[in-house]
Amino acid sequence: PNAFIIYKMALHETLKKLNKSYLLSTFSKLASERWNNESEHVKLAYKKLAADVKLERRKMHPFVFLQDNKVK
């Protein structure tokens, strides 16, 4: 997942703990607006997390390469 997807997943978990629920379309818009208003510091942290996840996946599956969303 990319940085925004990880951010969206974290937001979903936070809202779930607060017993907040939204329609998917409403939640997606909320997540997008919040992401766009986040500081570069926060975005950088999520980008680093996404890079770490990508690295771990490469370690677990060293012979699987994704190109244009297709497994090679």
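As the structure is a prediction and not an experimental result, all values here were calculated from the model.

(A) Just the overall build of the protein chain, in detail. Along its length, the protein chain carries 3 helices and 2 strands. Ordered by position from the N terminus, the helices and strands of the protein chain form the series α-α-α-β-β. Restricting to contacts in the protein chain with at least 6 residues of sequence separation, those with at least 24 account for 52%. For the protein chain, the exposed surface amounts to about 6,300 Å²; the carbon and sulfur share of it is 59%.

(B) Representation of unusual backbone geometry in the model. Positive phi, close to 60 degrees, is recorded for N19, a residue that is not glycine. With respect to the helices, strands and loops of the structure, N19 is situated in the loop between α1 (3–17) and α2 (24–37). Here N19 falls in the exposed class, since its relative accessible area comes to 71%.

(C) Molecular detail of the pattern of salt bridges. This model, assessed by the stated rule, comprises 3 salt bridges. Residue K59 pairs with E56 through a salt bridge whose shortest N-O separation is 3.6 Å. Residue K59 and its partner E56 are both found in helix α3 (residues 40–60); the two are separated by 3 residues, about one turn of the helix. A relative accessible area of 56% means that K59 is categorised as exposed. With a relative accessible area of 42%, E56 lands in the partly exposed category.

(D) Representation of the packing of α1 against α2 within the structure. Two elements in contact, α1 and α2, have axes separated by 10 Å at closest approach and are oriented at 115 degrees. The two elements α1 and α2 meet at a crossing, and its hand is right-handed. Taken together, the residues of α2 that come into contact with α1 (itself represented by A3, F4, Y7, K8, L11, H12 and L15) are F27, S28, L30, A31, S32, R34 and W35. Of the residues that constitute the contact of α1 with α2, the class distribution is 9 nonpolar, 3 polar and 2 charged.

Definitions and cut-offs
Residues numbered from 1 in each chain as written. Predicted model: local features only at pLDDT ≥ 70, side-chain atom pairs only at ≥ 80, totals over all residues. Heavy atoms only, no water. Helix = DSSP H or I, 4+ residues; strand = E, 2+ residues; numbered from the N terminus. Contact = heavy atoms within 4.5 Å. Areas by Shrake-Rupley, 256 points an atom, 1.4 Å probe, with all protein chains shown as cover. Buried < 20%, exposed > 50% of the residue type's maximum accessible area, 1.4 Å probe, protein only. Salt bridge = Lys/Arg side-chain N within 4 Å of Asp/Glu carboxyl O. Axes fitted to C-alpha atoms, helices over the stretch in contact; angles between N-to-C directions. Left-handed = near helix turned anticlockwise from the far one by under 90°. Nonpolar A, V, L, I, M, F, W, Y, C, P; charged D, E, K, R; others polar.

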